[in-house]
Amino acid sequence: MSLKKNSLKILMLAAEITPIAKVGGLGDVAGSLPQALYQLGADIRLCLPFYGSIDTKKYKVKKVAGEITIAINGKKNQASVWQTFLPGTRIPVYLIKNIFFDCQEIYRGCKIMKNNRYVDDANDLERFSFFMQASLEAVKKIGFKPDIIHLNDWHTALVPQLIKSPENKIFFKNTKTIYTIHNLANQGITKENILKFANLDSGSPLIKTDSENGDINFMVQGILGADAVTTVSPTYAKEIMTAQTGAGLEKILKMRGNDLYGILNGVDTVFFNPLKDKLIKQNYSLKTLDKKVANKLFLQKKLGLPENKDIPMVGFIARFVWQKGIDLINGTFSGLKCQFVFLGTGDKKYEDSLKALAKKYPSQFSAQIKFDARLAQEIYAGSDIFIIPSRFEPCGLTQMIAMRYGAVPVVRSTGGLADTVDESVGFVFKKFTSRALYVAIKKAVDGHRNKKKWRAMQVRGMKKNFSWESSAKKYLDIYKKLTNN
Ligand code: ADP
C-alpha cells in the first residue's frame, strides 16, 4: 500500500519491538500496532535502541545518518542512526547506536565494553534517557517531523518534556504526544540528578517529583506530560484509578481521567495462525481441529512426558514475575488429572519452585526455564488448556493467542483477561488463591471429557476477533482528535 500525501506522521518509541528485540507483550504491541496503523494510511516510523543482540544480517541493518550529538551531564556524547524495516513491511525502524546499547540485554542495566573490558555501567534509567534524547535528534537529522509521537511505558516517558526543551521546541512545535501504559508496575524511579543527565530543568512545571522521597518517577512524567494517555484494556484503565491497582499513581491517573483511554491490544493474526505457523509440528484450522492432537503428542515427546492423547495438557507461558501468580501453583496440583508445561524465565524463586515440582512429579510437570519462541508456539498448539492466574494483567496476550490455537484459557478475572475471556470461551476465577485456581483448572479438566461441549468452546474461542484493526482505528481517532485532523 502506498501512503497518501497528507498521511498523519507518527513516530513511535519503544524499548522492544517484536521480532527485532522482544522480552514480552510490549514488544508484540510495538511490532504489530504500527502495521495496522500503516494499513489505515498512517506514515509511521519507529525508534528502538540498537541492542547488541539484534541480528544485523537478518534485519539488513544499514546506517542512515551519521553522528548525532546528545548532551549528557553537560558533556557531548555521540550516537549514530541505523535503519531496518519491520519485517515484511515498509515501516522504517530507526536504531540508535551507542555504547549504552552494545550489550545483549534489553533491560536491567548491563555489562558494557569500555577500554576493551566489560564493566558494569549505565543503569536502565540512564540508558533510556539517552535513547529518548537520541531518538529526537535522529528524526531531526532525518527530517521526519511527526504530528504525533506515540510513547510506550517509562522508557520513553520523558519525551513530552524533552520536546519542549530550547533545542527541540521549534522542530516539534506542532507535535502532540500520546503515552501508553503497558504495565504500571514498572515506573522507572530514580534520583533527581537524572534530570541533569537528560538535559532537563528540574524547575520545569511538569517535572513532579515523587512526593514521598523526592525521587523522579518517569511514569509520572509521561502521564502528566502527554496530550493523551492510554492503557491496554478498558478494565485496566478503570482499575488503575483505584488504590488496589494504581501502584501509587491512582490520584495522578484520576487527574488525567478525561484523557485516559483503555484500548484493548490485538495480536498479530498473521503470525499467530495455527494454519500457517511454521514453528509447529502440525498445522490445523477450525475446519481441521482434529489434527491439533498431533501437536500434543509431539510436545509430550519433546518434554519427556507420557504420550497420551486423552490426558489434558495445561500450558503456561510468562515472564516469571510476581504479577503472573506463579506462587499459586504448588504440589497439590499433582492431584489433577492433567499434564503441565511451564515456559518462562525470571525471578529465581519462581524458576526454582517450578523446577522442584517437575523434579518431584516428572510424569506430570515440565518446567522449561528459558525464552524459546519455537517452544512457545508448540505449547500454544499442543495445549488443551492454558492458564493465566495473574494478580493483575494490563491486557495479556497469551490468553488471546491460546484461543486462536484452540487452547481453552483458565484466567483470573482481572484487567484485559476480564475483557477477553468469559465462560463461553474459557474458565474464569476471581479470588487470588491456589484453591480458586485449582478449582478452575479442575473444572476445565472435567470439561475436557465432554468432547462435544469442549469442541464448541474451542470453536467459539478460535472465532473471536483479536486482530489489531479495530484497536488501531481507536488509536487513530485519538491521534486525529489531538491534531484536529
Ligand atoms: P507481558 O507483556 O506481561 O510479558 P503478555 O501476555 O502481554 O505478557 O505477553 C507475553 C508475550 O511474550 C507472549 O507473546 C508470550 O508468548 C511471550 N513469552 C513470554 N515468555 C516467553 C518465553 N519464555 N519464551 C517465549 N515466549 C515468551
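Residues numbered from 1 in each chain as written. Predicted model: local features only at pLDDT ≥ 70, side-chain atom pairs only at ≥ 80, totals over all residues. Heavy atoms only, no water.

K.L.:
I'd like to hear about unusual backbone geometry, residue by residue, with values.
P.N.:
With an omega of 5 degrees, the peptide bond running from T18 to P19 counts as cis. Residue placement: P19 occurs in the loop between β1 (9-13) and α1 (25-39). Unusually for a residue other than glycine, D153 sits at a positive phi of about 60 degrees. Look at N199: it is not a glycine, yet its phi comes out positive at around 65 degrees. Summarising the element assignment, N199 is placed in the loop between α4 (194-197) and β11 (216-217). Look at N199 and you get partly exposed, because its relative accessible area is 31%. (Helix = DSSP H or I, 4+ residues; strand = E, 2+ residues; numbered from the N terminus. Buried < 20%, exposed > 50% of the residue type's maximum accessible area, 1.4 Å probe, protein only.)

K.L.:
Run through the sheet that holds strand β12 (residues 228-231), naming residues and quoting values.
P.N.:
The strand order across the open sheet formed by nine strands is β3-β4-β5-β2-β1-β8-β9-β12-β13, and the pairing between neighbours is mixed. Edge positions in the sheet fall to β3 (62-72) and β13 (260-262), since each of these pairs with one other strand and no more. The average angle at which neighbouring strand axes cross in this sheet is 25 degrees, direction not considered. Across the sheet, helix α5 (residues 218-225) is in contact with β9 (176-181) and β12; its angle to β9 comes to roughly 130 degrees. (Pairing = 2+ DSSP bridges. Axes fitted to C-alpha atoms, helices over the stretch in contact; angles between N-to-C directions. Contact = heavy atoms within 4.5 Å.)

K.L.:
Talk me through the domain arrangement of the protein chain; I want residue IDs and the actual numbers.
P.N.:
Domain parsing of the protein chain yields domain 1 (9-266 + 469-483) and domain 2 (286-465). A straight line from the C-alpha centre of domain 1 to that of domain 2 covers 32 Å. Opposite the 17 residues of domain 1 that make contact, domain 2 presents 15 residues. Carbon and sulfur atoms make up 63% of the surface buried where domain 1 meets domain 2, a total of about 1,200 Å² over both sides. When the buried area of domain 1 at its contact with domain 2 is split by residue, N183, T235 and L264 rank highest and sum to 28% of it. In this assembly, domain 1 and domain 2 are joined by zero salt bridges. One can count five residue pairs in polar contact (both at pLDDT 80 or more) joining domain 1 with domain 2. Broken down by secondary-structure element, the contributors of at least two residues to the side of domain 1 that touches domain 2 are α1 and α6 (234-239). With four residues, α6 is the largest single contributor of residues to the side of domain 1 that touches domain 2. Of the residues assigned to the side of domain 1 that touches domain 2, the class counts are six nonpolar, eight polar and three charged. (Domains from an automatic or database assignment. Buried area = accessible area lost by both parts, 1.4 Å probe. Salt bridge = Lys/Arg side-chain N within 4 Å of Asp/Glu carboxyl O. Polar contact = N/O pair within 3.5 Å; in protein donor to acceptor, adjacent residues only side chain to side chain. Nonpolar A, V, L, I, M, F, W, Y, C, P; charged D, E, K, R; others polar.)

K.L.:
Describe the state of the cysteines, naming the residues involved and giving the relevant values.
P.N.:
If you walk through the whole model with that rule in mind, you get zero disulfides. A disulfide-free cysteine, C47 has its sulfur positioned 18 Å from the sulfur of C103, the nearest such atom. The exposure class of C47 is buried, given its relative accessible area of 0%. (Disulfide = S-S within 2.5 Å.)

K.L.:
Provide a residue-level description of the site of the ligand, including the pertinent values.
P.N.:
Close contacts around the ligand come from 19 residues, with G25, D28, R319, K324 and Y380 the closest. Residue R319 places a side-chain N or O atom 2.7 Å away from an oxygen atom belonging to the ligand. The contact in question runs from a nitrogen atom of the ligand to an N or O atom on the backbone of K370, over 2.8 Å. Out of a free accessible area of 570 Å², the ligand has 92% covered by protein chains. Taken together, the residues that form the shell around the ligand break down as eight nonpolar, five polar and six charged. (Near = heavy atom within 4 Å. Areas by Shrake-Rupley, 256 points an atom, 1.4 Å probe, with all protein chains shown as cover.)

K.L.:
How would you summarise the environment of R412 if you had to cite specific residues and measurements?
P.N.:
Along the chain, R412 turns up in strand β18 (residues 408-412). In this structure the C-alpha to C-alpha distance between R412 and A440, which are 28 residues apart in sequence, comes to 9.3 Å. If we ignore the near neighbours within four places in the chain, the residues touching R412 are I388, P389, S390, R391, L417, F429, K430, K431 and F432. Within polar-contact distance, the side chain of R412 engages the backbone oxygen of R391 at 2.6 Å.

K.L.:
So, the packing of helix α8 (residues 293-303) against helix α10 (residues 373-382): which residues are in play, and what are the values?
P.N.:
Two numbers describe how α8 lies on α10: the axes approach to 8 Å, and their chain directions differ by 130 degrees. The pairing of α8 with α10 is recorded here as oblique in orientation. When you trace α8 past α10, the crossing you get is left-handed. Contacts from N295, K296, F298, L299, K302 and L303 in α8 reach R374, L375, E378, I379, A381 and G382 in α10. Class assignment for the residues of the contact of α8 with α10 results in six nonpolar, two polar and four charged. (Parallel < 35°, antiparallel > 145°, perpendicular 65-115°, else oblique. Left-handed = near helix turned anticlockwise from the far one by under 90°.)

K.L.:
Describe the sheet that holds strand β14 (residues 313-317), and please don't skip the residues or the numbers.
P.N.:
Two modes of strand pairing occur in sheets, parallel and antiparallel, and in both the strands are linked by backbone hydrogen bonds. The strand order across the open sheet built from six strands is β16-β15-β14-β17-β18-β19, with neighbouring strands paired in parallel fashion. Edge positions in the sheet fall to β16 (365-368) and β19 (427-429), since each has one partner strand and no second. Going from strand to strand, the sheet's axes swing by 15 degrees on average, the running direction of each strand aside. Sheet topology places strand β15 (residues 339-343) next to β16; four bridges connect them, and they run parallel. The residue of β16 that forms the bridge with F342 is A367. Sheet strands touched by α10: β14, β15, β16 and β17 (385-388). Its angle to β14, the strand with the most contacts, is close to 145 degrees.

K.L.:
Summarise the pattern of salt bridges; cite the residues concerned and give the values.
P.N.:
Tallying each qualifying case throughout the model produces 19 salt bridges. Notably, a salt bridge pairs K324 with E393, separated by 3.0 Å at the nearest N-O pair. Of the two residues, K324 is situated in the loop between β14 and β15 and E393 in the loop between β17 and α11 (398-404); the sequence distance between them amounts to 69 residues. Linking K348 and D352 is a salt bridge whose minimum nitrogen-to-oxygen distance equals 2.8 Å. Residue K348 and its partner D352 are both found in helix α9 (residues 348-360); the two are separated by four residues, about one turn of the helix. Take K348: its relative accessible area is 57%, and that puts it in the exposed class. In this structure, a network of salt bridges that share partners links the residues K348, D352 and K355.

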